[in-house]
Amino acid sequence: MGSYTKRVLVTGASSGLGKAMAERLVAQGHSVVGTGRRVDDGAVANGVTLVRMDITDEASVRHGVQEALTRLGGIDVLVNNAGLGIQGPAQDIEPEMALRLLDTNVLGAHRLCRAVLPTMRAQKSGLVINISSLAANFGLPYRAFYSASKAALERYGEALAIEEERFGITVVNVQPGEFRTPIAEGRLRPERISPEHEPGYARAMELLGGSMHYSRDPDELARVVARIIASPKPKASYLVAQGVQRISVLAKKLLPGRMFQRMVGKHYQ
Ligand SMILES: NC(=O)c1ccc[n+]([C@@H]2O[C@H](COP(=O)([O-])OP(=O)(O)OC[C@H]3O[C@@H](n4cnc5c(N)ncnc54)[C@H](OP(=O)(O)O)[C@@H]3O)[C@@H](O)[C@H]2O)c1
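Described below are features of the structure shown in this document.

Rules behind the numbers
Residues numbered from 1 in each chain as written. Predicted model: local features only at pLDDT ≥ 70, side-chain atom pairs only at ≥ 80, totals over all residues. Heavy atoms only, no water. Near = heavy atom within 4 Å. Polar contact = N/O pair within 3.5 Å; in protein donor to acceptor, adjacent residues only side chain to side chain. Areas by Shrake-Rupley, 256 points an atom, 1.4 Å probe, with all protein chains shown as cover. Helix = DSSP H or I, 4+ residues; strand = E, 2+ residues; numbered from the N terminus. Core = buried A, V, L, I, M, F, W, Y, C linked by side-chain atoms within 4.5 Å. Buried < 20%, exposed > 50% of the residue type's maximum accessible area, 1.4 Å probe, protein only. Contact = heavy atoms within 4.5 Å. Pairing = 2+ DSSP bridges. Right-handed = clockwise from strand over helix to strand, strands pointing away.

1. Thoughts on the site of the ligand
Thinking step 1. In the vicinity of the ligand there are 30 residues, among which Ser15, Arg37, Arg38, Tyr146 and Thr181 approach most closely.
Thinking step 2. Take Ser14: an N or O atom from its side chain is 2.8 Å from an oxygen atom of the ligand.
Thinking step 3. Backbone polar atom of Leu17 to an oxygen atom of the ligand: 2.7 Å apart, as the coordinates give it.
Thinking step 4. For the ligand, the accessible surface in isolation is 880 Å², of which the surrounding protein chains cover 95%.
Thinking step 5. For the shell around the ligand, the secondary-structure elements that each account for two or more residues are α1 (16-27) and α4 (144-164).

2. Some remarks on the nonpolar core
Thinking step 1. Among the nonpolar cores identified, the biggest contains 29 residues, and Val10, Met21, Val79, Ile129, Val174, Leu221 and Ile228 are the most heavily contacted of them.
Thinking step 2. Of all the secondary-structure elements, those providing two or more residues to this core are β1 (7-10), α1, β4 (48-52), β5 (77-80), β6 (126-131), β7 (169-176), α6 (218-230) and β8 (237-240).
Thinking step 3. Among the elements that make up this core, the one with the highest residue count is α6 (7 residues).
Thinking step 4. The residues contacting Val10, other than those within four sequence positions of it, are Gly18, Ala22, Leu25, Val32, Val33, Gly34, Thr35 and Val79.
Thinking step 5. Ranked by size, the runner-up nonpolar core spans 23 residues in total, among them Leu84, Leu134, Ala135 and Tyr142.

3. Thoughts on the pairing of β1
Thinking step 1. Two strands pair when backbone bridges link them, and β1 and strand β2 (residues 31-36) are joined in this way by 4 bridges, in the parallel orientation. By the bridge assignment for β2, Arg7 is matched with Ser31.
Thinking step 2. Chirality of the crossover, the property in question, places the unit of β1, α1 and β2 among those that are right-handed.
Thinking step 3. Of the pairings in the sheet, the one linking β1 to β5 comprises 3 bridges and is parallel in character. The partner of Val10 across the bridge, within β5, is Val79.

Take a look at the structure:
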């Protein structure tokens, strides 16, 4: 990790934040392999070498990491970015759907860590960046399992940071607020919404759709991640949000729990 130019593996680089991060890192001179489920091994897009990988499939992860190691000659930085959204009243989410979400957002990152950390330990250095979410800080209505998955990813990252520090490996959580990506299109959603939840859910999704539309350019997050990679001593966690999103994290810390929940509820009415 001594040199400025790093060998970076970014999961979920076929779209949105992952694509923006991979492209910015290439533009800064880093060697980058990006992954996705629908890319061809070895294809190059805007300087990013793509490798096919489904992070819910152990064999696919092993193959993808091996492919990345062959192409990069090592991995200095792993960015666990690939992830899914989910929407729907909590009571309408079948456990199987929740498991699919957790399998991607939590165990996907775990599979990558298990595959990459031995190389980092052998190198006696490495950086793992987990792309969590602002939503890790509190339960968001109609996105219960998204909040739960990101909170789980953060606690996982914190534990890993302590375990791996002695091997020269740093683990960082990054919490993006809303950024303009196609994540809403791929959100898991139940087939049936309970009639009693329909009006509240519809209103919340309408508001969410509007705010995503006006949200920030993914390259702004990519710049922060590039700075983390360049930093000799990254912080344990970074919140990349502005305005009311940033203030909400402070409000969660300061306000009585019930008052904060009512405030969030009002926001989505
Ligand atoms: N956009 C936001 O406002 C926002 C805010 C906070 C956090 N985040 C987080 O940022 C990350 C990226 O989200 P995004 O907004 O950029 O969404 P996106 O545009 O939908 O990108 C998601 C990426 O994850 C990949 N992916 C999904 N499931 C996968 C699987 N099973 N195996 C391998 N790759 C998989 C997708 O690639 P393929 O479909 O090609 O496999 C795609 O490249 C996610 O973890 C998300 O939770 C986003």
